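What follows is each chain in one-letter form.
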Amino acid sequence: MQKMAQSHVFLSGIGGLGVEIAKNIILAGVKALTVHDTKHCTKWDLGINFFIHEDDVTSQRNRAEATLHRIAELNPYVHVAASTVPLDETTDLSFLKHYQCVILTEVSLLLQKKINDFCHAQQPPIKFISADVYGVCSRLFCDFGDEFEVLDTTGEEPKEIFISNITQSNPGIVTCLENHPHRLETGQFLTFREVNGMSCLNGSTHQITVVSPYSFSIGDTSEMEPYLHGGIAVQVKTPKMCYFAPLQIHVAMLALNHFQENFGRRPNIGLESERSLLFPQVNGDVVKWLSRTAQGFLPPLAAAVGGVASQEVLKAVTGKFSPLQQWLYIDVLDIVTPLEKMGSEEFLPRGDRYDALRACIGDSLCQKLHDLNVFLVGCGAIGCEMLKNFALLGVGTGQDKGLVTITDPDLIEKSNLNRQFLFRPHHIQKPKSYTAAEATLNINPYIKIDSDINKVCPATENTYSDEFYTKQDVIVTALDNVEARRYIDSRCVANLRPLIDSGTMGTKGHTEVIVPHLTESYNSHRDPPEEEIPFCTLKSFPAAIEHTIQWARDKFESSFSHKPSLFNKFWQTYPSAEEVLQRIKSGESLEGCFHVVKTLSRRPRSWTQCVELARVKFEKYFSHKALQLLHSFPLDTRLKDGSLFWQSPKRPPFPVKFEFHDPFSCILLLKHCTHLQVVQTDETARKPDHIPVSSEDERNAIFQLEKSILSNEALETADLQMKPISFEKDDDSNGHIDFITAASNLRAKMYNIDPADRFKTKRIAGKIIPAIATATAAVSGLVALELIKVVGGYPADAYKNCFLNLAIPIMVFTEIAEVRRTEIRNGISFTIWDRWTIYGKEDFTLLDFINAVREKYGIEPTMVVQGVKMLYVPVMPGHIKRLKLTMQKLVKPSADKKYVDLTVSFAPETDGEEDLPGPPVRYYFVQEDN
């Protein structure tokens, strides 16, 4: 971040690709950006540049000047300037020496070469990047000099490996703890610490060779002392030097550049004759479609390439992550190939804002996008980018058809502004959906948007009903959790709606397209569950800073939220203190009574008592607990096999003495008073205006308390009430992260674990998912490309899922997972997209339902289930009698419910096997009118 904040960047060409790059690097936070352009705004630009408005076209403003203030307001910490001076073969390039990185778009090949040569010749070299989108093809090139040092190639956290054994041999083999694979690669470097026996390894660094998933070699250890126990190997990030010095598309792109130089233009739209002029020696779809669409512009492709190119800019100025080496080409021929039979008139301009798009995908597909009904769930980082893509594609702009429905229950936070580009500082604490809708209308005033602030979940199914889903042509998710994705996926499967899902984590991202009857659904596969920290590790045997942070987080929840809630619940159940006292005296056991009495007995009556109680807590957690554990398991304790009890990963604790000069001891004591203030106390328990102090450290401590706690945690006036505190990571003034940082680091000190700074603690305790605008932009562009295919009703082989990691960098496209067909028997089969339908009537019984399934589908159900409710399981007592009951009585539908979705299964072919699953069966209570 510091390196970015010192970097000056020059960007030429503020068309559709240039504005994407500018947006992303300004959100990232470079020091200064100069945007250069000599062209004037045209109607064409309205469909490709989301910061150019109709009044800019009317007034013929320069593109750089028109977008300047709109780009600049993305990040007030970045100085943005516009340049409109000519940039050609005669320009003196010495002005570029002021920049650390130069990016060119929409520049001729000859000028690219000249500027690249100039940048490469400087000492140190100016990092050079060129990028262009021509219709359905794109190109990205990077030159960071003869040598470029990368400080961190991946950006991943350094791995820590707990050691179970090291051999005395050449080479020495290091073995990890059982069931803990090291996930290292040959050639990486490790340093060692806390090794007992082979102590000369501690502090030394070794290059490793992977032997197995659980072992690796480190060189000659034969002359070292024998290994006894323990030890941790920590990955060392070492700088890497990169050197800059199959492709029909490469040849075709060069041919296109030569065509432009020879004819002063790109090939005319849709003219096959221009293809032979482009490059007569090369045939194939690439040249054909590059020639036909080169004048056009595909905004989603620009978003994807712009995201990648922007990340390369950040790499250039920081040395963080591995740079592209050295060319990247992305084409989307799978979008245009099915359009082969369209006449050339489909691609000709109509004089509106969609001409650039029309030149790529034809007018018919443009009209389908205009008439599209799309439901976007989530208006965060990906949601904002998707709305921008929708606006440029003209989604939901049809005169009689088309609507974009969006929903997001969240409010805009300050931390959102670095990647959610539709929001500005004056939008903080406003609903995301309403604000995003308003901002999208600035990009395209003709888009129709219906914005909600609802959460999409079972509780809102009256709003987002089956009828609502059937009106949607496609659902796009922009979510940050798996649970919501699974729910929406189930609703899409039930209503046979296509779904496009995506997500990012730092520089990583994924897209997945789900199409009815063609693909598996999101729920068809399950990610492995996240590893949870064992309770015994948290309570007594932490081995890493993550363990102590989670322990501190749990203590916060217990002290400030859970226990106060239990206290309040008790007094809601038993509102009279006198009655409670009488019932206790009579020997009656009241649930929660012990906790309440214990809390009241410790209720502080003065500020001094608040501090005293917090001081007692300190001794309990950081001294007494250690002494108690060492009393139960002395340092020389051995297990039955003779091995030491206290060996890696178990660390023996040592009591921590309270030191007023220790910032963590001081902060923890003061922050713990937050808990005491949650309890209703007398006014005398508040901090007095003046407390005698004897040192500067004490004054600072009191100031920290007053600033971080007292001003934020007001006391309730009710006598028997506490005020539970909800953990909030984003408010730095509330003291929550300060408490967790201090508690975690004191516990780390107690167990001889390296402490973590406040930032790392906040990231782990707050479970913050890293996010960056570059990956978000790239992913949203890829989603919009798949959206075009869904709208066009493309065949299965056209769709692509993607996984990318811009840090490495890698971008992998895969075929969709074809839907699996389940065989029942006798040729009867189904997929997840199949749904059987039965129409009943008022007196329709369960037996009638079973017979109707048999008669219509040729197989008789042996089990009927509604959600988690078993309607009919023959082996269950009393279920045979249910056959005579009506479906109305069994299901008990609400008055407005027309149908219910049931699950059926069938008897296995041989006894002893499990029942055969069947597809969902939608049972209508009455016959629907045709």
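Use the structure listed above.
Below, the structure is looked at part by part. Since this is a predicted model, take the numbers as computed values, not measurements.

**Topic: the overall build of the protein chain**
Here is step 1: What the protein chain contains, in helices and strands, is 28 helices and 31 strands.
Here is step 2: Taking 30 Å as the expected radius of gyration for a compact globule of 930 residues, we find that the protein chain reaches 33 Å, a close match to that expectation.
Here is step 3: Projected onto its principal axes, the C-alpha positions of the protein chain cover 100 × 85 × 65 Å.
Here is step 4: Scored against the burial criterion, the 930 residues of the protein chain give a buried share of 52%.
Here is step 5: Carbon and sulfur atoms provide 53% of the accessible area of the protein chain, an area that totals close to 43000 Å².
Here is step 6: Charge-centre separation for the protein chain: the mean point of 98 positive side chains lies 4 Å from the mean point of 114 negative side chains.

**Some words on the nonpolar core**
Here is step 1: If you look at the biggest cluster of nonpolar residues, it comprises 126 residues, and the most contacted ones within it are Leu298, Ile361 and Phe390.
Here is step 2: Of the residues forming this core, the biggest block, 12 residues, is contributed by helix H26 (residues 773-792).
Here is step 3: Counting residues in each nonpolar core, the second largest holds 29 residues, with Ile545, Phe618, Phe645 and Val656 among its members.

**A closer look at the sheet that holds strand E10 (residues 189-193)**
Here is step 1: Spatial ordering of the open sheet is given by E11-E10-E14-E8-E9-E13-E12, a layout of seven strands whose pairing is antiparallel. Pairing within the sheet leaves two strands with one partner each, and these edge strands are strand E11 (205-207) and strand E12 (209-212). For this sheet, the mean inter-axis angle between neighbouring strands, taken without regard to orientation, is 40 degrees.
Here is step 2: Taken together, the three bridges between strand E9 (residues 173-176) and strand E13 (residues 215-217) define a ladder with antiparallel strand orientation. Among the inter-strand pairings, threonine 175 is bridged to a residue of E13, identified as serine 215.

**Description of the packing of aromatic side chains**
Here is step 1: For the coordinates displayed, the defined rule picks out 38 aromatic pairs.
Here is step 2: Pairing phenylalanine 556 with phenylalanine 560 gives two aromatic rings, centres 4.8 Å apart and planes at 80 degrees, and the pair type is edge-to-face. Here phenylalanine 556 pairs with phenylalanine 560, and both are found in helix H18 (residues 545-573), just four residues apart, close to one helical turn.
Here is step 3: Over the ring of tyrosine 899 we find lysine 897, and its NZ or CZ is 5.7 Å from the ring centre.

**Details of a nonpolar patch on the surface**
Here is step 1: On the surface, a cluster of nonpolar side chains totalling about 310 Å² of accessible area is made up of Phe803, Ile808, Ile810 and Val812.
Here is step 2: Valine 812 sits in the partly exposed class, given a relative accessible area of 34%.

**Let's talk about the pairing of strand E23 (residues 800-805)**
Here is step 1: A large share of E23 lies buried, amounting to five of its six residues.
Here is step 2: Where E23 and strand E24 (residues 810-815) come together, six bridges link them in antiparallel fashion. Its bridge partner lying in E24, cysteine 802 is registered against phenylalanine 813.
Here is step 3: Hairpin connection between E23 and E24: a loop of four residues separates the two successive antiparallel strands.

**Notes on the sheet that holds strand E17 (residues 373-377)**
Here is step 1: If you walk across this open sheet you meet the eight strands as E19-E18-E17-E20-E21-E22-E23-E24, and the pairing is mixed. With partners counted over all chains shown, the strands left at the sheet margins are strand E19 (449-452) and E24, one partner each. Sheet twist, expressed as the average angle between the axes of neighbouring strands with direction ignored, equals 15 degrees.
Here is step 2: Strand contacts of helix H13 (residues 381-393): E17, strand E18 (403-407), strand E20 (474-477) and strand E21 (499-505), with the helix running at about 160 degrees to E17, the strand carrying the most contacts.
Here is step 3: Helix-sheet contacts for helix H14 (residues 432-443) involve E18 and E19, and the interaxial angle to E19 is about 160 degrees.

**Topic: the packing of helix H1 (residues 16-28) against helix H9 (residues 299-318)**
Here is step 1: In contact at an axis separation of 8 Å, H1 and H9 are set at 45 degrees when each is read in the N-to-C sense. Relative to H9, H1 is oriented oblique. With respect to the hand of their crossing, H1 and H9 are arranged in right-handed fashion. Of H9, the residues touching H1 (which contributes Gly16, Leu17, Glu20, Ile21, Asn24, Ile25 and Ala28) are Ala302, Ala303, Val305, Gly306, Gly307, Ala309, Ser310, Val313 and Leu314.
Here is step 2: Among the residues forming the contact of H1 with H9, the class breakdown is 10 nonpolar, five polar and one charged.

**Quick word on helix H27 (residues 846-857)**
Here is step 1: Here H27 contains 12 residues, and its C-alpha end-to-end distance of 17 Å stays within 8% of the 16 Å for a straight helix at 1.5 Å per residue.
Here is step 2: Those residues of H27 that fall on the buried side of the exposure criterion are Leu846, Phe849, Ile850, Ala852 and Val853. Along the long axis of H27, the arc covered by the buried residues comes to 160 degrees, so they all point the same way.
Here is step 3: Packed against the buried residues of H27 are strand E27 (836-839), strand E28 (861-866), strand E29 (869-872), helix H28 (887-891), strand E30 (899-906) and strand E31 (916-924).
Here is step 4: Glycine 858 lies just past H27 and shows a positive phi near 80 degrees.

**So, the packing of helix H21 (residues 607-632) against helix H24 (residues 736-750)**
Here is step 1: Look at H21 against H24: their axes get within 11 Å of each other, and the N-to-C directions meet at 15 degrees. One finds that H21 runs roughly parallel with respect to H24. For the element pair H21 and H24, the recorded crossing hand is right-handed. On H24, the residues touching Phe618, Tyr621, Phe622, Lys625 and Ala626 of H21 are Ala743, Leu746, Arg747 and Met750.
Here is step 2: In terms of residue class, the contact of H21 with H24 is made up of seven nonpolar, no polar and two charged.

**Details of the pattern of salt bridges**
Here is step 1: Within the structure shown, the criterion is met by 42 salt bridges.
Here is step 2: Note that lysine 789 is salt-bridged to aspartate 334, the shortest N-O span being 3.2 Å. Here aspartate 334 lies in helix H10 (residues 333-336) and lysine 789 lies in helix H26, a separation of 455 residues in the sequence.
Here is step 3: Between aspartate 834 and arginine 821 there is a salt bridge, with the nearest N and O atoms lying 3.8 Å from each other. Taken together, the residues aspartate 834 in the loop between strand E26 (828-830) and E27 and arginine 821 in the loop between E24 and strand E25 (822-825) connect sequence positions 13 residues apart.
Here is step 4: When salt bridges that share partners are traced, they join Asp37, Lys39, Asp45, Arg63 and Glu106 into one network.

**Re the pairing of E29**
Here is step 1: Of the pairings in the sheet, the one linking E28 to E29 comprises three bridges and is antiparallel in character. Paired with valine 864 across the strands is tyrosine 872, a residue of E29.
Here is step 2: Where E28 folds back onto E29 in an antiparallel hairpin, the turn is made up of two residues, including glycine 867, whose phi is positive at roughly 65 degrees.

**Some words on unusual backbone geometry**
Here is step 1: A cis amide bond, omega -5 degrees, links glutamine 123 with the succeeding residue proline 124.
Here is step 2: Counting through the fold element by element, proline 124 comes out in the loop between helix H5 (109-121) and strand E5 (127-134).
Here is step 3: The amide bond that connects glutamine 325 to the next residue, glutamine 326, takes the cis arrangement and shows omega of 10 degrees.
Here is step 4: Its location among the elements puts glutamine 326 in the loop between H9 and strand E16 (327-331).
Here is step 5: Phi is positive for arginine 183, close to 55 degrees, though the residue is something other than glycine.
Here is step 6: On the secondary structure map, arginine 183 appears in the loop between E9 and E10.
Here is step 7: What makes arginine 183 exposed here is its relative accessible area of 58%.

**Some remarks on a positive patch on the surface**
Here is step 1: A surface patch of positive charge is lined by Lys539, Lys598, Arg602, Lys620 and Lys625.
Here is step 2: Inspection of the secondary structure puts lysine 539 in helix H17 (residues 535-539).

**Observations regarding H18**
Here is step 1: For H18, built from 29 residues, the straight-helix expectation of 42 Å at 1.5 Å per residue is met to within 8% by its first-to-last C-alpha distance of 40 Å.
Here is step 2: At serine 558, H18 is deflected by roughly 40 degrees, the largest bend along its length.

**As for a negative patch on the surface**
Here is step 1: Side chains of Asp410, Glu413, Asp480, Glu728 and Asp731 sit close together on the surface and give a patch of like negative charge.
Here is step 2: Position of aspartate 480 among the secondary structure elements: in the loop between E20 and helix H16 (482-494).

**Let's talk about the environment of threonine 435**
Here is step 1: Relative to the assigned elements, threonine 435 resides in helix H14.
Here is step 2: Remark: the alpha-carbon pair of threonine 435 and glutamine 326, spanning 109 residues in sequence, is separated by 40 Å.
Here is step 3: When near neighbours in sequence (up to four residues on either side) are disregarded, threonine 435 contacts Ile412, Phe423, His427 and Lys430.

**Brief notes about the side chain of glutamine 122**
Here is step 1: Mapped onto the fold, glutamine 122 is located in the loop between H5 and E5.
Here is step 2: Looking at glutamine 122, the relative accessible area reads 16%, which means it is buried.
Here is step 3: A distance of 2.9 Å separates the side chain of glutamine 122 from the backbone oxygen of phenylalanine 118, its partner in a polar contact.

**Describing the state of the cysteines**
Here is step 1: Considering all chains together, one arrives at zero disulfides under this definition.
Here is step 2: Between cysteine 457, a free cysteine, and cysteine 492, which holds the nearest cysteine sulfur, the sulfur-to-sulfur gap is 15 Å.

Analysis parameters
- Along each chain, numbering runs from 1 in the same order as the chain's sequence is written.
- In keeping with the predicted nature of the model, local features appear solely for residues at pLDDT of at least 70, side-chain atom pairs appear and are counted solely at 80 or more, and the whole-chain, interface and lining totals rest on all residues.
- Only hydrogens and water are removed before side-chain values are computed, so all heavy atoms of the structure are retained for them.
- For the purposes of this entry, the term helix denotes a DSSP run of H or I that reaches at least four residues, the term strand denotes a run of E that reaches at least two, and both are numbered from the N terminus.
- Within these notes, the globule rule equals 2.2 Å times the number of residues to the 0.38 power, and the radius of gyration is based on C-alpha atoms.
- Exposed residues in this analysis have more than 50% of their type's maximum accessible area, buried residues have under 20%, and partly exposed residues fall in between, with area computed by a 1.4 Å probe over protein chains only.
- Computed by Shrake-Rupley with a 1.4 Å probe, the accessible areas treat only the displayed protein chains as cover when residues are assessed.
- Positive charge is attributed to Lys and Arg, negative charge to Asp and Glu, and no charge count is given to His or to the chain ends.
- Here the site of a charge means NZ on Lys, CZ on Arg, CG on Asp, or CD on Glu.
- Only buried Ala, Val, Leu, Ile, Met, Phe, Trp, Tyr and Cys residues count toward a nonpolar core, and they belong to the same one when joined by side-chain atoms within 4.5 Å.
- Two strands qualify as a pair provided DSSP detects at least 2 bridges between them.
- Here an angle of 0 to 180 degrees is reported between the N-to-C directions of two axes, which are lines fitted to C-alpha atoms, with helices fitted over the stretch in contact.
- When the centres of two rings from Phe, Tyr and Trp lie within 6.5 Å, Trp using its six-membered ring, the rings pair. Their planes under 30 degrees apart give stacked, over 60 give edge-to-face, and anything left gives tilted.
- Two conditions define a charge sitting above a ring: the NZ of Lys or the CZ of Arg must be within 6 Å of the ring centre, and it must be within 35 degrees of the ring normal.
- Patches here are clusters of residues that have more than 30% relative accessible area and form no salt bridge, with a 9 Å joining cutoff for like charges and a 5 Å cutoff for nonpolar side chains (Val, Leu, Ile, Met, Phe, Trp, Tyr).
- Each salt bridge in this description consists of a side-chain nitrogen of Lys or Arg and a carboxyl oxygen of Asp or Glu lying within 4 Å of one another.
- Here, residues are in contact when the closest pair of their heavy atoms is within 4.5 Å.
- Here roughly perpendicular refers to angles of 65 to 115 degrees, roughly parallel to angles under 35, roughly antiparallel to angles over 145, and oblique to all remaining angles.
- Less than a right angle of anticlockwise turn of the near helix away from the far helix marks a crossing as left-handed, whereas a clockwise turn marks it as right-handed.
- When residues are sorted by character, Ala, Val, Leu, Ile, Met, Phe, Trp, Tyr, Cys and Pro go into the nonpolar class, Asp, Glu, Lys and Arg into the charged class, and all the rest, Gly among them, into the polar class.
- Helix span, expected: 1.5 Å multiplied by one less than the number of residues in the helix.
- The arc refers to the directions leading from the helix axis to the C-beta atoms.
- Here the bend at a residue is taken as the angle between two axes, fitted respectively to the seven residues that end there and the seven that start there.
- Under the rule applied, a polar contact is a pair of N or O atoms within 3.5 Å (in protein, one hydrogen donor and one hydrogen acceptor; residues adjacent in sequence only if both atoms are side-chain atoms).
- Put simply, a disulfide is two cysteine sulfurs that come within 2.5 Å.

Geometry only, nothing functional implied.
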